[in-house]
Amino acid sequence: QVQLVESGGGLVQPGGSLRLSCAASGGIFSINTMGWYRQAPGRQRELVASSTFANTTTYTDSVKGRFTISRDNAKKTVYLQMSSLKPEDTAVYYCNLRNIRFNGAGDDYWGKGTQVTVSS
(Lines give C-alpha, C1' and ligand atoms only; values in the text may rest on other atoms or scores of the structure.)
Protein backbone atom coordinates (compact mmCIF):
# COMPACT_ATOMS: atom_id res chain seq x y z
CA GLN A 1 0.00 0.00 0.00
CA VAL A 2 1.00 3.60 -0.64
CA GLN A 3 0.57 6.39 1.86
CA LEU A 4 0.95 10.11 1.17
CA VAL A 5 1.06 12.60 4.04
CA GLU A 6 0.93 16.34 3.35
CA SER A 7 2.15 19.09 5.65
CA GLY A 8 2.96 22.78 5.56
CA GLY A 9 -0.44 24.31 4.97
CA GLY A 10 -1.77 27.22 6.97
CA LEU A 11 -2.85 30.83 6.95
CA VAL A 12 -0.77 33.38 5.08
CA GLN A 13 -1.25 36.98 3.96
CA PRO A 14 -1.46 37.90 0.28
CA GLY A 15 2.03 38.14 -1.15
CA GLY A 16 3.38 35.67 1.37
CA SER A 17 4.92 32.24 0.92
CA LEU A 18 4.33 28.67 2.04
CA ARG A 19 6.13 25.40 1.39
CA LEU A 20 4.08 22.23 1.20
CA SER A 21 5.62 18.81 1.72
CA CYS A 22 4.33 15.35 0.85
CA ALA A 23 6.06 12.32 2.32
CA ALA A 24 5.42 9.03 0.54
CA SER A 25 5.78 5.48 1.78
CA GLY A 26 5.08 2.07 0.34
CA GLY A 27 5.38 0.86 -3.25
CA ILE A 28 6.66 3.80 -5.24
CA PHE A 29 7.51 2.74 -8.78
CA SER A 30 10.58 4.04 -10.56
CA ILE A 31 8.40 5.35 -13.38
CA ASN A 32 5.95 7.71 -11.76
CA THR A 33 4.50 11.17 -11.71
CA MET A 34 3.95 13.18 -8.54
CA GLY A 35 1.87 16.29 -8.37
CA TRP A 36 -0.19 18.73 -6.40
CA TYR A 37 -3.89 19.32 -6.95
CA ARG A 38 -6.16 21.79 -5.23
CA GLN A 39 -9.87 22.16 -4.66
CA ALA A 40 -11.75 25.19 -3.38
CA PRO A 41 -15.35 25.02 -2.13
CA GLY A 42 -17.78 24.86 -5.04
CA ARG A 43 -15.01 24.38 -7.59
CA GLN A 44 -13.56 21.42 -9.43
CA ARG A 45 -10.29 19.86 -8.36
CA GLU A 46 -7.50 21.12 -10.59
CA LEU A 47 -3.91 20.18 -11.24
CA VAL A 48 -1.53 22.78 -9.85
CA ALA A 49 1.86 21.28 -10.67
CA SER A 50 3.34 17.91 -11.56
CA SER A 51 6.75 16.33 -11.95
CA THR A 52 7.53 13.17 -13.91
CA PHE A 53 10.10 10.53 -13.01
CA ALA A 54 12.39 12.34 -15.47
CA ASN A 55 11.82 15.61 -13.59
CA THR A 56 9.79 17.19 -16.36
CA THR A 57 7.51 19.73 -14.68
CA THR A 58 4.14 21.14 -15.61
CA TYR A 59 2.26 24.06 -14.06
CA THR A 60 -1.19 25.46 -14.48
CA ASP A 61 -1.06 28.94 -16.02
CA SER A 62 -2.31 30.71 -12.91
CA VAL A 63 0.71 29.65 -10.82
CA LYS A 64 3.53 29.88 -13.37
CA GLY A 65 6.37 31.98 -12.05
CA ARG A 66 5.04 31.79 -8.49
CA PHE A 67 5.06 28.08 -7.58
CA THR A 68 7.88 25.54 -7.88
CA ILE A 69 7.56 21.77 -7.57
CA SER A 70 10.58 19.71 -6.59
CA ARG A 71 11.50 16.24 -5.36
CA ASP A 72 13.88 14.59 -2.97
CA ASN A 73 13.79 10.95 -4.03
CA ALA A 74 16.06 9.84 -1.18
CA LYS A 75 13.48 11.16 1.28
CA LYS A 76 10.54 10.05 -0.92
CA THR A 77 9.19 13.57 -0.61
CA VAL A 78 7.77 16.09 -3.06
CA TYR A 79 7.53 19.80 -2.30
CA LEU A 80 5.54 22.74 -3.54
CA GLN A 81 7.13 26.13 -2.88
CA MET A 82 4.44 28.79 -3.18
CA SER A 83 5.32 32.47 -3.39
CA SER A 84 3.41 35.67 -4.10
CA LEU A 85 0.28 33.98 -2.84
CA LYS A 86 -3.11 35.34 -3.82
CA PRO A 87 -6.55 34.89 -2.23
CA GLU A 88 -7.53 32.81 -5.26
CA ASP A 89 -4.92 30.25 -4.18
CA THR A 90 -7.04 29.40 -1.13
CA ALA A 91 -7.95 25.70 -1.33
CA VAL A 92 -7.28 22.27 0.04
CA TYR A 93 -4.09 21.02 -1.58
CA TYR A 94 -3.76 17.30 -2.30
CA CYS A 95 -0.62 15.33 -3.05
CA ASN A 96 -0.89 12.78 -5.86
CA LEU A 97 1.30 9.85 -6.87
CA ARG A 98 0.72 8.03 -10.15
CA ASN A 99 2.60 4.74 -10.46
CA ILE A 100 3.05 3.57 -14.05
CA ARG A 101 2.74 -0.19 -14.53
CA PHE A 102 4.45 -2.34 -17.15
CA ASN A 103 1.42 -2.10 -19.43
CA GLY A 104 1.47 1.69 -19.25
CA ALA A 105 -1.57 2.01 -17.00
CA GLY A 106 -1.42 4.40 -14.08
CA ASP A 107 -2.50 3.84 -10.47
CA ASP A 108 -3.34 6.99 -8.52
CA TYR A 109 -2.83 7.54 -4.82
CA TRP A 110 -3.92 10.58 -2.83
CA GLY A 111 -3.09 12.28 0.41
CA LYS A 112 -5.78 13.56 2.75
CA GLY A 113 -5.04 17.18 1.87
CA THR A 114 -3.75 20.27 3.65
CA GLN A 115 -5.59 23.59 3.88
CA VAL A 116 -4.00 26.72 2.45
CA THR A 117 -5.76 29.99 3.26
CA VAL A 118 -4.56 33.29 1.80
CA SER A 119 -6.24 36.21 3.54
CA SER A 120 -5.45 39.57 5.06
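Keep in mind it's a predicted model, so treat the numbers as computed, not measured.

## Examining the packing of aromatic side chains
Item 1. Counted by the stated rule, this structure contains one aromatic pair.
Item 2. Lying over the aromatic face of Y79, R19 brings its terminal NZ or CZ to 4.0 Å of the ring centre.
Item 3. In this structure, R45 is placed above the aromatic ring of Y94, and the distance from its NZ or CZ to the ring centre is 4.0 Å.

## With respect to unusual backbone geometry
Item 1. Positive phi, close to 65 degrees, is recorded for N55, a residue that is not glycine.
Item 2. Mapped onto the secondary structure, N55 falls in the loop between β5 (46-52) and β6 (57-59).
Item 3. Classification of N55 as exposed rests on a relative accessible area of 51%.
Item 4. Phi angles above zero are rare outside glycine, and S84 is one such case at about 50 degrees.
Item 5. If you trace the backbone, S84 turns up in the loop between β8 (77-82) and β9 (91-100).

## A look at the pairing of strand β11 (residues 114-118)
Item 1. Side chains T114, V116 and V118 of β11 all project onto a buried face; the interleaved residues Q115 and T117 project onto a face where none is buried.
Item 2. Where strand β2 (residues 10-12) and β11 come together, three bridges link them in parallel fashion. The partner of V12 across the bridge, within β11, is V118.
Item 3. Pairing analysis gives three bridges linking β9 to β11, with the strands arranged antiparallel. Across the sheet, A91 pairs through a bridge with V116, a residue of β11.

Analysis parameters
- Residues numbered from 1 in each chain as written.
- Predicted model: local features only at pLDDT ≥ 70, side-chain atom pairs only at ≥ 80, totals over all residues.
- Heavy atoms only, no water.
- Phe/Tyr/Trp six-rings, centres within 6.5 Å; stacked < 30°, edge-to-face > 60°.
- Lys NZ or Arg CZ within 6 Å of the ring centre and 35° of its normal.
- Helix = DSSP H or I, 4+ residues; strand = E, 2+ residues; numbered from the N terminus.
- Buried < 20%, exposed > 50% of the residue type's maximum accessible area, 1.4 Å probe, protein only.
- Pairing = 2+ DSSP bridges.

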